[in-house]
Amino acid sequence: MLDRCLHELFEEQAARTPAAIAARCDGVAVTYSELNARANRVARRLRAIGVGPEKLVGICLDRSIDMLASLLGALNAGGQYVPLDPGDP
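In what follows, the accompanying structure is described. These numbers were taken from a predicted model, which means no experiment stands behind them.

**Notes on unusual backbone geometry**
- Residues other than glycine seldom take positive phi values, yet Asp 26 does so here, at roughly 50 degrees.
- Structurally, Asp 26 can be placed in the loop between β1 (21-25) and β2 (28-31).
- The class for Asp 26 is exposed, based on a relative accessible area of 75%.

**Considerations on the state of the cysteines**
- This structure, assessed with the given rule, holds zero disulfides.
- Between Cys 60, a free cysteine, and Cys 25, which holds the nearest cysteine sulfur, the sulfur-to-sulfur gap is 16 Å.

**Observations concerning helix α1 (residues 6-16)**
- Considered for burial, the residues of α1 that qualify are His 7, Phe 10 and Ala 14. One side of α1 holds all its buried residues, which, seen down the axis, span an arc of 55 degrees. Exposed positions of α1 whose direction lies more than 90 degrees from the buried face are Ala 15 and Arg 16.
- Residues of α1 that are buried in the fold lie against β1, α2 (32-48) and α3 (65-76).

**A short note on the pairing of strand β4 (residues 80-83)**
- Here four bridges tie strand β3 (residues 56-59) to β4, and the two strands are oriented parallel to one another. Counted as the bridge partner of Ile 59 is Pro 83 from β4.
- After leaving β3, the chain enters α3 and then returns to the sheet as β4, a path that is right-handed.

**Remarks on the nonpolar core**
- Core analysis: the largest hydrophobic core is formed by ten residues, namely Phe 10, Ala 14, Ala 23, Val 30, Tyr 32, Leu 35, Ala 39, Ile 65, Ala 69 and Leu 72.
- Looking at this core, the elements with two or more residues in it are α1, α2 and α3.
- Residues Ala 43, Val 57, Leu 71 and Ala 74 belong to the second largest nonpolar core, which totals eight residues.

**Description of the packing of α2 against α3**
- Where α2 meets α3, the axes come as close as 7 Å, and the angle between the chain directions of the two elements is 55 degrees. Between α2 and α3, the interaxial angle falls into the category oblique. Our pair here, α2 against α3, has a crossing hand that is right-handed. Across the interface between the two elements, Leu 35, Arg 38, Ala 39, Asn 40, Val 42, Ala 43, Leu 46 and Arg 47 from α2 touch Ile 65, Asp 66, Leu 68, Ala 69, Ser 70, Leu 72, Gly 73, Ala 74 and Asn 76 from α3.
- Here the contact of α2 with α3 is built from residues that sort into ten nonpolar, four polar and three charged.

Cut-offs applied
Counting starts from 1 at the beginning of each chain's written sequence and moves along it residue by residue. Totals for whole chains, interfaces and linings use all residues, but because this is a predicted model, local features are given only for residues with pLDDT of at least 70 and pairs of side-chain atoms are given and counted only at 80 or more. The basis for every side-chain value is the complete set of non-hydrogen atoms in the structure, without hydrogens or water. Here a helix means four or more residues in a row that DSSP labels H or I, a strand means two or more in a row labelled E, and each is numbered from the N terminus. Buried, partly exposed and exposed residues are distinguished by accessible area as a fraction of the type maximum, computed with a 1.4 Å probe on protein chains only: under 20%, between the cut-offs, and over 50%, respectively. Cysteine sulfurs are considered disulfide-paired once they come within 2.5 Å of each other. Working note: the arc is built from the helix axis to C-beta atom directions. Note on definitions: a residue-residue contact is assigned when non-hydrogen atoms from the two residues lie within 4.5 Å. When DSSP locates at least two bridges between a pair of strands, those strands are taken to pair. For the handedness criterion, the strands are oriented away from the viewer, and a crossover whose path from the first strand over the helix to the second runs clockwise is classed as right-handed. By nonpolar core we mean a set of buried residues, namely Ala, Val, Leu, Ile, Met, Phe, Trp, Tyr and Cys, connected to one another through side-chain atoms within 4.5 Å. Axis lines are fitted to C-alpha atoms, over the contacting stretch for helices. Their N-to-C directions set the angle, which ranges from 0 to 180 degrees. For classification, angles of less than 35 degrees are called roughly parallel, those exceeding 145 degrees roughly antiparallel, those between 65 and 115 degrees roughly perpendicular, and all remaining angles oblique. Left-handed describes a crossing whose near helix is turned anticlockwise from the far helix by less than a right angle; the clockwise case is right-handed. Under the grouping applied here, Gly and all other residues not named as nonpolar or charged are polar, the nonpolar ones being Ala, Val, Leu, Ile, Met, Phe, Trp, Tyr, Cys and Pro and the charged ones Asp, Glu, Lys and Arg.

Below is the structure:
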């Protein structure tokens with residue numbers, strides 16, 4: 001059984017292989033280093049507005065690199081994400 005969270009495992013992979021492609025979407029590819037930097041920016045902003053343990057963060061984005069960075073950022077900030085469908089009013 002793992003004793004680490006998804007965002008911690010991701011950061012470990014980013015440290016091991018920073019230049020490797022982490023994700024591709026709509027012809028755009030980002031490395032682990034780039035995606036980790038994006039996720040960390042999201043996490044810093046979320047912490048600044050009070051996100052922490054037991055706080056929910058709604059993520060209302062289509063599938064994209066930004067959505068992935070937002071999910072990782074919410075977890076990194078200590079919160080939990082709630083995926084919301086942008087096509088559902």
